[in-house]
Amino acid sequence: MTNQLNTQELQDLDRDHFLHPFTNYKELNRKGSRIITRASGPYLWDSEDNCYLDGMAGLWCVNIGYGRTELAAAAQKQMSELPYYNTFFQTAHPPAIELASLLSELTPAGLNHVFFTNSGSEANDTVIRTARQYWNLLGQPEKQIFISRKNAYHGSTMAGASLGGMSAMHAQGGLPIPGIEHIDQPDWYKEGGDEDPAEFGIRIARQLEEKILEHGESRIAAFIAEPIQGAGGVIIPPATYWPEIKRICNHYQILLVVDEVICGFGRTGKWFGSDLYDISPDLMPIAKGLSSGYLPIGGVMIADHVARVLTEEGDEFAHGFTYSGHPVCSAVACANLRILRDENIVSNVDSVTGPYLQERWASLADHPLVGEARGVGFLGALELVADKSARKPFGSPGAVGAICRDSCYENGLIMRAVGDTMIISPPLILTKEHIDELVETAHRSLDQTLAKLTGMR
Ligand SMILES: *Cc1c(COP(=O)(O)O)cnc(C)c1O
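How each quantity is defined
- All residue numbers refer to position in the chain's written sequence, counted from 1.
- A pLDDT threshold of at least 70 governs which residues receive local features in this predicted model, and a stricter bar of 80 or more applies before side-chain atom pairs are shown or counted, although totals over entire chains, interfaces and linings include all residues.
- For the side-chain quantities, the full set of heavy atoms in the structure was used; hydrogens and water were omitted.
- Under this scheme, a helix contributes an axis fitted over its contacting stretch, all axes are lines through C-alpha atoms, and angles between N-to-C directions fall in the 0 to 180 degree range.
- Runs of E in the DSSP output that reach at least two residues are strands. Runs of H or I that reach at least four are helices, and both are numbered from the N terminus.
- Roughly parallel means an angle under 35 degrees; roughly antiparallel means over 145; roughly perpendicular covers 65 to 115; every other angle is labelled oblique.
- What makes a crossing left-handed is the near helix being turned counterclockwise from the far one by less than a right angle; a clockwise turn instead makes it right-handed.
- Should any heavy atoms of two residues lie within 4.5 Å, those residues are counted as being in contact.
- Each residue is assigned to one class: nonpolar for Ala, Val, Leu, Ile, Met, Phe, Trp, Tyr, Cys and Pro, charged for Asp, Glu, Lys and Arg, and polar for all the others, Gly among them.
- Think of it in three bands: with a 1.4 Å probe and only protein chains considered, a residue is buried below 20% of the maximum accessible area for its type, exposed above 50%, and partly exposed in between.
- Take the number of residues in a helix, subtract one, and multiply by 1.5 Å to get its expected span.
- Whenever a nitrogen or oxygen atom comes within 3.5 Å of another N or O atom, the pair is scored as a polar contact, on the condition that within protein one atom can donate a hydrogen and the other can accept it, and that pairs from neighbouring residues in sequence are kept only if both atoms are in side chains.
- It suffices for a single heavy atom of a residue to lie within 4 Å of a molecule or strand for the residue to be listed as near it.
- Areas reported as accessible are Shrake-Rupley estimates using a 1.4 Å probe. Residue values count occlusion only from the protein chains shown.
- Just to be clear on terms, a salt bridge is a Lys or Arg side-chain nitrogen sitting within 4 Å of an Asp or Glu carboxyl oxygen.
- DSSP bridges decide pairing: two strands pair if at least two such bridges lie between them.
- Working definition: a ring pair exists when centres of Phe, Tyr or Trp rings (six-membered ring for Trp) sit within 6.5 Å. Plane angles under 30 degrees give stacked, over 60 give edge-to-face, the rest tilted.
- Lining residues are defined by having an atom within 4 Å of a point belonging to a cavity or pocket. Those points lie on a 1 Å grid over the protein atoms alone, cavities being sets where a 1.4 Å probe fits but cannot get out and pockets being open sets with protein on both sides within 12 Å along at least five of seven lines.
- Grid points are joined across faces, edges and corners, and a volume is the space filled by probe spheres set on the points.

A. Fine view of the packing of helix α4 (residues 69-81) against helix α14 (residues 327-342). At a minimum axis distance of 8 Å, the contact between α4 and α14 shows a crossing angle of 150°. In terms of orientation, α4 lies roughly antiparallel with respect to α14. The hand of the α4/α14 crossing is right-handed. When α4 is examined against α14, the residues E70, L71, A74, A75, Q78 and M79 are found in contact with a partner set consisting of P327, V328, A331, V332, A335, N336 and I339. For the contact of α4 with α14, the per-class residue count stands at ten nonpolar, two polar and one charged.

Below is the structure:
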């Protein structure tokens, strides 16, 4: 069907029938969707045959790049053998078992059990169910409260959006649900003012301690955070932040949940953000890079001491999804993890291409629009500002970011705008030549953005 319809026809049908996620409908109705038809390596093509370097790896997920036929072959083989069976009621199948065992090898020490879901949002719903069940089984059912952070992203279900700290999402959904508290985010560039970054990191981390004391340790189930905030704008905490969070979590009897949905599977150059910051999570939600987005699958890694309570103290855990550990998704995730590991993709980001990307990316800080260029591994952000030395933002937040994003598209690069913060999270398979192309196109797009702004003045 898609091969026979032209762009206009596809856009009309799309507008008439398809309600998109996270999309401004008025704008879509005016402009029509950009329709992506094929992909290879780090490149995408649209229905007009324009080519783009995908600076976002889809939505932070296509870690191995597009077009890997090994994953298609794994799916076809599994579909022919056993396309579906459930894992409820003491049943299992080889692909889910194999994936669970591979994950316990690759994830940080002490995480040797996984509960499978279909997405990161479901993983975070599972986090709440699991943590509350854990405290119930330990005879402390009053430990219910989750502490999270403003501007965090933990998904879009009722629980995921509530754990998240996105005010626009809360406003539309009557959220957060009860039992979820938010502290400030460690965003020194935007919220640190005159404070030294190291001091700022400690002060913001100590809000966790204050929150625990405010409600009482006996009522707090867990603290949840992304190692580096992704959707919030690639916010890299000051070096003092995670050590102080770890100190607080060790001191008080609460679970530490590290949301690795973006940072996991090589994004930072380590297998997990927890490896980068030397964190030992009690619960660790995963998704996105787990299958490089080829099929939907997520999960929660569960630390040994938590798994022991669930499996030895508990009877039935009344939780699960029809497709938990879906055989085809599991087989594809296994093939993806083997590619990441056996082709040294993660270690290459750590020692070769990650440092090269960061060196080239940092050079963008010389541009008159860029107040800060920051990044880790294959994550990067540019703060577009009105005044660099004063870290002064533009008057109407998001307008300049949107101009820059559109310039990038015109120049064949997909870069996302979070307000006036430009972000990248490209496939982990970029070569140095791809990285040169990315940074040079970003630079040209910044120049065009500046020219448009000057023209508007
Ligand atoms: C994307 C994301 C989620 C939600 O995952 P979905 O698969 O979209 O439900 C959760 N946490 C983080 C950190 C994410 O980036």
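B. Region of interest: the environment of H93. Considering the arrangement of structural elements, one finds H93 in the loop between α4 and α5 (94-106). On the basis of relative accessibility, which here comes to 3%, the residue H93 falls in the buried class.

C. Region of the structure containing helix α6 (residues 120-137). Compared with an ideal rise of 1.5 Å per residue, which puts 18 residues at 26 Å, α6 spans 25 Å between its outermost C-alpha atoms and is within 8% of the ideal. The buried fraction of α6 amounts to 13 of the 18 residues, a majority that puts the element mostly inside the structure. Two to three positions downstream of the cap, the backbone nitrogen of S121 sits 3.4 Å from a side-chain oxygen, assigning the N-cap of α6 to S119. Immediately downstream of α6, the backbone of G139 shows phi near 75°, a positive value.

D. Quick look at the site of the ligand. Taken together, S119, G120, S121, N124, Y153, H154, G155, E226, D259, V261, I262 and K288 make up the full set of residues near the ligand. At a separation of 3.4 Å, a nitrogen atom of the ligand approaches a polar backbone atom of Y153. Contacts to the ligand include K288, whose side-chain N or O atom sits 2.7 Å from an oxygen atom. Against a free-state accessible area of 380 Å², the protein chains account for coverage of 84% of the ligand.

E. Representation of the pattern of salt bridges. Across all of its chains, the model carries 26 salt bridges by this definition. The shortest N-O distance in the salt bridge between D342 and R341 comes to 2.9 Å. On the basis of relative accessible area, R341 is assigned to the partly exposed category, the value being 33%. When the shortest N-O distance is used, the salt bridge between D406 and R405 registers 3.3 Å. Put simply, K190, E372, R374 and E383 are held in one network by salt bridges that share partners.

F. View of the sheet that holds strand β14 (residues 416-418). On the basis of which strands lie adjacent, the open sheet formed by four strands has the order β11-β12-β15-β14 and antiparallel pairing. The sheet is open, and its two edges are formed by β11 (370-376) and β14, each paired on a single side. Shown here is a sheet whose adjacent strand axes are inclined to one another by a mean of 25°, direction ignored. The pairing of strand β12 (residues 379-384) with strand β15 (residues 421-424) spans four bridges and is classified as antiparallel. The residue of β15 that forms the bridge with G380 is I424.

G. Spatial organisation of the packing of aromatic side chains. Under the counting rule described, the total for this entry stands at eleven aromatic pairs. Pairing Y84 with Y85 gives two aromatic rings, centres 6.5 Å apart and planes at 40°, and the pair type is tilted. According to the relative accessible area criterion, Y84 is partly exposed, its value standing at 30%. Ring geometry for Y241 and W242: centres 5.8 Å apart, planes at 80°, overall edge-to-face.

H. Quick peek at the layout of surface pockets. Put simply, the second largest pocket is a space of about 1000 Å³. If you trace the second largest pocket, you find 29 residues lining it, with T87, V114, F115, F317 and H319 closest to the centre. Elements supplying a minimum of two residues to the lining of the second largest pocket: α5, β4 (111-117) and α13 (304-313). Along the lines of polarity and charge, the residues of the lining of the second largest pocket split into 15 nonpolar, twelve polar and two charged.

I. Fine view of the sheet that holds strand β1 (residues 36-40). Spatial ordering of the open sheet is given by β1-β2-β3-β13, a layout of four strands whose pairing is mixed. Here the strands that pair on one side only, and so sit at the sheet edges, are β1 and β13 (413-414). Relative to strand β3 (residues 51-54), strand β2 (residues 43-46) runs antiparallel, the two being bridged by three bridges. Within β3, the residue paired with L44 across the bridge is Y52.

Remember that the coordinates give geometry; whether it matters functionally is a separate question.
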